[in-house]
Amino acid sequence: MSESPSTPNLKIGPYSIRRGDDFFVIAGPCVIESEGVTLEIAEELAAISRALNTPIIFKASFDKANRTSIDSYRGPGISAGLAVLNKVKARTGLPVISDIHDPSQAPIAAEVLDMIQIPAFLSRQTDLLAAAARTGLPINLKKGQFQSPEDMIHGVRKITQSGGGRILLTERGSSFGYNDVVADMRSIVRLKSLGYPVVFDATHSAQFPGKGDGRSGGDRRLAPHLARAAVAAGADGVFIETHPRPDEALCDGPNSLYLGDVRALVRNLKELFALIPREEPQAAPNQSTKPRDEDLTEKLRKIKLIIFDVDGVLTGGQIVYAGDDVEIKYFHVRDGHGIKIARRIGLEIALITGRSSPMVDKRARELGIDTVYQGMKDKCVALTAIMEKYGFIREEIAVVGDDIVDIPLMRRAGVSFTVPEAGQDVMAEAEVVTRHRGGEGVAREVIERILLAQGKWPAVMERYFA
């Protein structure tokens, strides 16, 4: 079950951070250079965490895919890098975070990481955010240098509607002309209005991007001042890149802090944090104060009809031919049970599919579904007929689709769902991305979610367990 902004604690590894009450730090080298250097940094950070009683999450990248130059050091790669991070966890007890750059990396990284980071340059990549959300891990979503604080709500929605919910938002400066970034402390206040803990990236905000002859420059002297300003502005935590010999670091050395200076800075920031009143975040002007989850619940309460696509939703999308006249489709038994429950409770169910198959008619008869439209090249024709027949309005209809032919239906629905393996265009249209893949329990998940929102699920449980 994902956590919403109303959840008081954010669990990251062994830590349970109370938003607004607990100061925490994300710190480590920009990239894993060697096992020895990485463990040296991690052990010192663990000592600082114990001495100052402050949660520290260890950060190091196994691959920096967004280096300025193709000749820049990127890291040891995912397999070797995760092995080093696993040793950090075992030796220090610190939870670990690293960034991913491709959706395929998410499930692999989740085997070791306690938290996934989305790089600022990739903060709008729908497939990447959805893949990270499906791991179930907390996510640190860094604000792109090209985005306003309010733009981050769209990334948040991509995560929450893909099954995630434990989110940090990180401010790391905004592009300012060429080769410079500016950290606007107003962004801290505006990001907090979205309802999630906000982290300030002190060292990347001291960068001069691309100004170092094929690498980023920076001025590490600025980072402590920016960090203090961010904490005073209301930041819940601070992100620090550090290295025992930053002038020799293989990545982001100019803006990285000396490892020996981190303890005093963390102590100073924690003392400052204790002095700043922690207020409930206020919504930005013209921004609804109602969380997204509550908006969706309100929509789900109005649903009276669920329209399912078949191939790729009620099935995994595979079509098996066992002869000239024999077509095999695989349906899930829990989907069937869920549909029977929905009809018993009073929800109408309809099937609209672009193909024609006698197996669909047979499955519909088994489940008591009377409204079935097959061979529909334009699915909106079927939708119009259904609305006219039953008198439904748009807000009373939910649509579950998986491909571009379903987009016109999804745009006309009160709530639209899709499956996690759907294409990016379909993902962008859907309000909710299911946890289950097509043919593996999608219908049951959608039905349960709607009945829970409508307060009807207890009646189902009472019927089966009274």
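Residues numbered from 1 in each chain as written. Predicted model: local features only at pLDDT ≥ 70, side-chain atom pairs only at ≥ 80, totals over all residues. Heavy atoms only, no water.

Some remarks on the overall build of the protein chain
Logical step 1: Scanning the protein chain from N- to C-terminus turns up 16 helices and 23 strands.
Logical step 2: Residue burial in the protein chain is summarised as follows: out of 466 residues, 54% are buried.
Logical step 3: In the protein chain, once contacts between residues fewer than 6 apart in sequence are set aside, the share between residues at least 24 apart is 65%.
Logical step 4: Counting only carbon and sulfur atoms, one obtains 49% of the accessible surface of the protein chain, whose full area is about 20600 Å². (Helix = DSSP H or I, 4+ residues; strand = E, 2+ residues; numbered from the N terminus. Buried < 20%, exposed > 50% of the residue type's maximum accessible area, 1.4 Å probe, protein only. Contact = heavy atoms within 4.5 Å. Areas by Shrake-Rupley, 256 points an atom, 1.4 Å probe, with all protein chains shown as cover.)

What to know about the sheet that holds strand β21 (residues 397–400)
Logical step 1: Spatially, the six strands line up as an open sheet ordered β20-β19-β16-β21-β22-β23, and their pairing is parallel. Each of the sheet's edge strands pairs with one partner strand only, and the pair in question is β20 (371–373) and β23 (432–433).
Logical step 2: Sheet topology places strand β22 (residues 415–418) next to β23; two bridges connect them, and they run parallel. Across the sheet, the residue bridging to Phe417 is Val432, located in β23.
Logical step 3: Packed on one face of the sheet, helix α15 (residues 442–453) meets β16 (305–308), β21, β22 and β23 and runs near 160° to β16. (Pairing = 2+ DSSP bridges. Axes fitted to C-alpha atoms, helices over the stretch in contact; angles between N-to-C directions.)

Comments concerning the nonpolar core
Logical step 1: Leu45, Phe58, Leu85, Ile100, Ile118 and Leu169 are the most contacted members of the largest nonpolar core, which totals 80 residues.
Logical step 2: Considering each element in turn, this core owes the most residues, eight residues, to helix α1 (residues 35–52).
Logical step 3: Setting aside residues no more than four positions away along its own chain, Ile118 makes contact with Ile100, Ser123, Leu128, Leu129, Ala132, Ile139, Asn140, Leu141 and Lys142.
Logical step 4: In this structure, Leu305, Leu347, Val442 and Val460 belong to the second largest nonpolar core, which totals 52 residues. (Core = buried A, V, L, I, M, F, W, Y, C linked by side-chain atoms within 4.5 Å.)

A closer look at the packing of aromatic side chains
Aromatic rings considered in pairs are described by the distance between their centres and by the relative angle of their planes.
Logical step 1: This structure, assessed with the given rule, holds two aromatic pairs.
Logical step 2: Here the basic side chain of Lys142 rests over the ring of Phe239, its NZ or CZ set 4.3 Å away from the ring centre. (Phe/Tyr/Trp six-rings, centres within 6.5 Å; stacked < 30°, edge-to-face > 60°. Lys NZ or Arg CZ within 6 Å of the ring centre and 35° of its normal.)

A short note on the environment of Phe24
Logical step 1: Its place among the elements puts Phe24 in strand β3 (residues 24–28).
Logical step 2: When the C-alpha atoms of Phe24 and Val266 are compared, they prove to be 9.0 Å apart, with 242 residues separating the residues in sequence.
Logical step 3: Leave out the neighbours within four places in its chain, and Phe24 touches Ile17, Thr54, Pro55, Ile57, Leu168, Val199, Asp236, Gly237 and Val238.

Re the packing of helix α10 (residues 333–345) against helix α11 (residues 358–367)
Logical step 1: Contact geometry for α10 and α11: axes closest at 10 Å, N-to-C directions at 50°. In terms of orientation, α10 lies oblique with respect to α11. For the pair α10 and α11, the contacting residues are Val333, Gly336, Ile339, Lys340 and Arg343 in the first and Arg363, Glu366 and Leu367 in the second.
Logical step 2: The residue makeup of the contact of α10 with α11, split by class, is three nonpolar, one polar and four charged. (Parallel < 35°, antiparallel > 145°, perpendicular 65-115°, else oblique. Nonpolar A, V, L, I, M, F, W, Y, C, P; charged D, E, K, R; others polar.)

Brief notes about α15
Logical step 1: The end-to-end C-alpha distance of α15 is 17 Å, a good match for the 16 Å that twelve residues give at a rise of 1.5 Å each.
Logical step 2: Counting buried residues in α15 gives nine out of twelve residues, a clear majority hidden from the surface.
Logical step 3: The complete set of buried residues in α15 reads Val442, Ala443, Arg444, Glu445, Val446, Ile447, Ile450, Leu451 and Ala453.
Logical step 4: Gly455 sits one or two residues past α15 and shows a positive phi near 70°. (Expected span 1.5 Å × (residues − 1).)

Considerations on unusual backbone geometry
Logical step 1: Even without being glycine, Asn53 reaches a positive phi, approximately 50°.
Logical step 2: Relative to the helices and strands, Asn53 resides in the loop between α1 and β4 (56–59).

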